[in-house]
Every structure is written in C-alpha cells, then in structure tokens.
Amino acid sequence: MTSLTRLDLFCRVVDNYGDIGICWRLARQLQREHAIAVTLWVDDLVSFRRICSAVEVTADTQLQAGVTVRHWRSMDGVFTADDVADIVIEFFAVDIPPAYLQAMRARAVRPVWFNLEGLTAEEWVEGCHGLSSTHPQLGLIKHFFFPGFTAKTGGLLLEAGLPQQRRAFQADAAARSAFLAALGLTPDETAARLVSLFCYPHAPVAELLAAWQHDVTPTTCLVPEGVAADAVQAFLGKAAVAGASATHGALTVRVLPFVPQDDYDRLLWACDLNFVRGEDSFVRAQWAGRPFVWHIYPQDEQLHHKKLRAFLQRYADTLPALSELSLQWNGAGNSAASWPALWTAYREQMPAMQAQAEAWQQQMLALGDLAGNLLRFAATPR
Ligand SMILES: Cc1cn([C@H]2C[C@H](O)[C@@H](COP(=O)(O)OP(=O)(O)O[C@H]3O[C@@H](C)[C@H](O)[C@@H](O)[C@H]3O)O2)c(=O)[nH]c1=O
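Nothing here was measured: the structure is a model prediction, and the numbers come from that model. (Residues numbered from 1 in each chain as written. Predicted model: local features only at pLDDT ≥ 70, side-chain atom pairs only at ≥ 80, totals over all residues. Heavy atoms only, no water.)

A short note on the pairing of strand S14 (residues 292-295)
Right, so step 1: Of the two faces of S14, the one lined by Phe 292 and Trp 294 and the one lined by Val 293 and His 295 are each fully buried.
Right, so step 2: As paired strands, strand S13 (residues 273-277) and S14 are joined by four bridges and run parallel to one another. What sits directly across from Phe 275, in S14, is Val 293.
Right, so step 3: Note on the crossover from S13 through helix H11 (residues 280-287) to S14: the handedness is right-handed. (Buried < 20%, exposed > 50% of the residue type's maximum accessible area, 1.4 Å probe, protein only. Helix = DSSP H or I, 4+ residues; strand = E, 2+ residues; numbered from the N terminus. Pairing = 2+ DSSP bridges. Right-handed = clockwise from strand over helix to strand, strands pointing away.)

Thoughts on helix H13 (residues 320-329)
Right, so step 1: Within H13, eight of the 10 residues are buried, leaving the element largely enclosed by the surrounding structure.
Right, so step 2: Of all the residues in H13, the buried ones are Ala 321, Leu 322, Ser 323, Leu 325, Ser 326, Leu 327, Gln 328 and Trp 329.
Right, so step 3: Phi turns positive one or two residues past the end of H13, at Gly 331, with a value near 70 degrees.

Notes on the side chain of Thr 252
Right, so step 1: The topology assignment puts Thr 252 in strand S12 (residues 251-256).
Right, so step 2: Within polar-contact distance, the side chain of Thr 252 engages the side chain of Thr 247 at 2.8 Å. (Polar contact = N/O pair within 3.5 Å; in protein donor to acceptor, adjacent residues only side chain to side chain.)

Side note on the domain arrangement of the chain
Right, so step 1: For the chain, the assigned domains read domain 1 (6-156 + 367-379) and domain 2 (162-365).
Right, so step 2: Look at where the C-alpha atoms of domain 1 and domain 2 centre, and you get two points 30 Å apart.
Right, so step 3: In total, domain 1 and domain 2 occlude about 2,200 Å² of area from one another, counting both sides; carbon and sulfur atoms represent 52% of this.
Right, so step 4: For Asp 262, the salt bridge goes to Arg 28, with nearest N and O atoms at 3.8 Å.
Right, so step 5: Linking domain 1 to domain 2 there are nine residue pairs in polar contact (both at pLDDT 80 or more).
Right, so step 6: Here the side of domain 1 that touches domain 2 gets five residues from one element, more than from any other, and that element is helix H1 (residues 18-34).
Right, so step 7: Per-class residue counts for the side of domain 1 that touches domain 2 are 11 nonpolar, six polar and six charged. (Domains from an automatic or database assignment. Buried area = accessible area lost by both parts, 1.4 Å probe. Salt bridge = Lys/Arg side-chain N within 4 Å of Asp/Glu carboxyl O. Nonpolar A, V, L, I, M, F, W, Y, C, P; charged D, E, K, R; others polar.)

Here we look at the site of the ligand
Right, so step 1: What surrounds the ligand is a group of 22 residues, the closest being Gly 18, Tyr 200, Val 259, Asp 280 and Ser 281.
Right, so step 2: The side chain of Asn 16 places a nitrogen or oxygen atom 2.9 Å from an oxygen atom of the ligand.
Right, so step 3: Elements that contribute at least two residues to the shell around the ligand include exactly H1, helix H10 (261-270) and H11.
Right, so step 4: Broken down by element, the residue count for the shell around the ligand peaks at three residues, all from H1.
Right, so step 5: Residue classes in the shell around the ligand are distributed as 11 nonpolar, six polar and five charged. (Near = heavy atom within 4 Å.)

Pasting the structure below:
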C-alpha cells in the first residue's frame, strides 16, 4: 500500500494475557495480510508462551509466525536511525527506550508513531481518536489510535476471512464435535448447552454454577485451567486441573487447558454462550456471533463500571436481561433478583441475544478492521 514496510510494536505485559494477546494478534495480521516486516518487542515471554506454545522463553530474538520477536529486557540499549522502523507503535502508552526515541529523531524520514489505546465504548474516544501530540524535547509527533465501536474510531481487530471461517465451522457439526472431542468432551457434554467461562477471580461464579446446577436444561461449562479456581474446585470437589470434570444436577463443569489463540476462537464458536473478560476475548466473543457476557477488567474508582455501562448502552439497549445479569456479574448492579432469577430471565431471552450477536457483528464489520484502518491512517499524508 505504501513505502511503510517495517513496523516496531512495543508491548509490556501488565498482567494476564490481554496485552500480549492483542499485540500478538495485531503483529501476525500486519505481517500476514499486509506483508509488513514486524518486530514485536515484549518484556514477558512466559506469558506469551501461554498463548503461543512455540515461544522460546530464553531467546533474545526469535521468529514466530513470520514476526520477529525481541525480548524487551530493559529501557537501555543502543539504537541508530537504521534500527528504527517506518511505523512505531507503543501499546497502551508504554514508554519506549530513550535511545530508540533519539534514533527516531535521527531518522531522515521520521517514523509514524502511534500510541495504541485500550478499547472502550465511551463517547469521548471519538473526539480523541487520531489526535496527535508533539514530544516536548524531541519534536516527534505521536498519534493516538483508539479501537472502538463506531466509525469515528479505529474499529476492532479482525483478521481477513474470520467471519467466513466462523460460519463454516458453525455449519459443520462434525468439525465442532471433533474439536470438542479433542478437548476431552464426551458426546453427552457436547450435546448439552455449552458455555465457556473466562472471568476474573471476583466474579460470582459459585452463584452462577448453582443456578445452572438447578436449571431444567443440562449445561456443560468449560473453564480454562486457573480461571475461577476456587469456585471450580469447590464444585469439582478436587483440584481444578486440565481434564478434571464433575457433574452435579444439570451441570457438568470441565476444566480445559489454556489453548492457543486460534483454538480459543474455535471454542467460542463452538459454544452457545461465552463468558469473556478483559479486551481481547471480549472482542473475539463478538466475532463468534454467539451471545456473550463480559467481565470487564477492574479499574480504580470503579471506572470500569462506567465503561461497562457505556458498552451495554450500545449493545444491550433492547436486552434488559443481559444488562441486568452483566451488571450483577460485574458487581455494578443493584438488582434484588437472585442468581437463579437472573439466569432464568437471561435464558428466556436467548433467541433475542442470538439475533443481536449477529446484527452487532454486521454493524462492526462495516467499520473495517483495526490493522487496515491503522495502516491507512499511517499512509495518509499530513
Ligand atoms: C482462555 C484463553 C485465552 N486466550 C487468549 C485470548 C486473549 O488473547 C487472551 C486473554 O486476554 P483478555 O481477554 O484481554 O483478558 P486478560 O484479562 O487476560 O487480559 C487483559 O485485559 C486487559 C484489558 C488488560 O489491559 C490487561 O492488562 C490484561 O489483564 O488470552 C487463549 O489464547 N487461550 C485460552 O485458552
């Protein structure tokens, strides 16, 4: 598309897997679909390996899926103008090494420099997306790029062909069964209402499991190892390690290993309902075209409750049972309803949830994809 052929992406893992999850997804897509030579600088290879098992945790430099991965060990380092890429992205406002910044300045043609921000449905992002600021000492210009849910934002990460792959998988009962069998599910577990559960430790998981246990319909709940460990262990009556499962009443809980990112997509596609969290799994659930419930990453001063409400306003305006359950799930509700009542109300609206999942996906597709939008922005003369 342009003469912008090299890109450096700087990622710090603050906690969990979302930081590296998003950067890894973006890096692969830029390389695969846009033939950009991407270097991903990441400070935590152990977390990276959890979502990409081929990662060598001791390597300074390695090639993974066509992306050069550099272990970002410190803020020191020696960089020349030739080391600097055409596009430089700092993810979530990380500070990049001072010597790299100096090298950016020394470059004959300055790189296009982005701060890639976190996803929020709040309205203010529309006014901030694409704004720039000038580095006070170095005179370098940095652009603020916001993912989002409207045409005035950068859109969502989405790989080419994903909606088609998703539809083909969901239309292929044999592929679904084979995928689930490979994860250890029995045919009975596969035939039940299938739910994936990915959340932070403070979610009221025990209450939700109890509601499913006493439900009229059999449910199989799939939980990645290490997630909601206390509630899952209490339900299982044994260690919540991958492969463990137990059935009480109408509910079977099965612990899954953490799977590679592409398999996690298939898991979301295979389930009837997905509980997701943070940013990346939240977006993947939207591309799965299935009902989902979001556990938002907690922030100081309950800032996350504001963000949750902003999203629910856009997504669940006509789905009160989803709003109510979501607010309670996130500790933001004031409903007097019990968990069985919240669940029953939700369950009764499942057809409407399913219709909204599809309609929302069409709405999001119209925004283009974040990687393409970012490259177009970078290539626009200004
Ligand atoms: C459960 C599972 C997830 N994953 C991937 C999907 C995602 O890329 C990643 C999980 O990332 P998330 O869904 O974003 O949730 P998360 O909670 O792991 O990540 C984050 O949330 C952000 C908002 C914060 O900024 C981060 O600091 C971080 O906490 O792990 C797998 O690859 N396999 C799995 O089995």
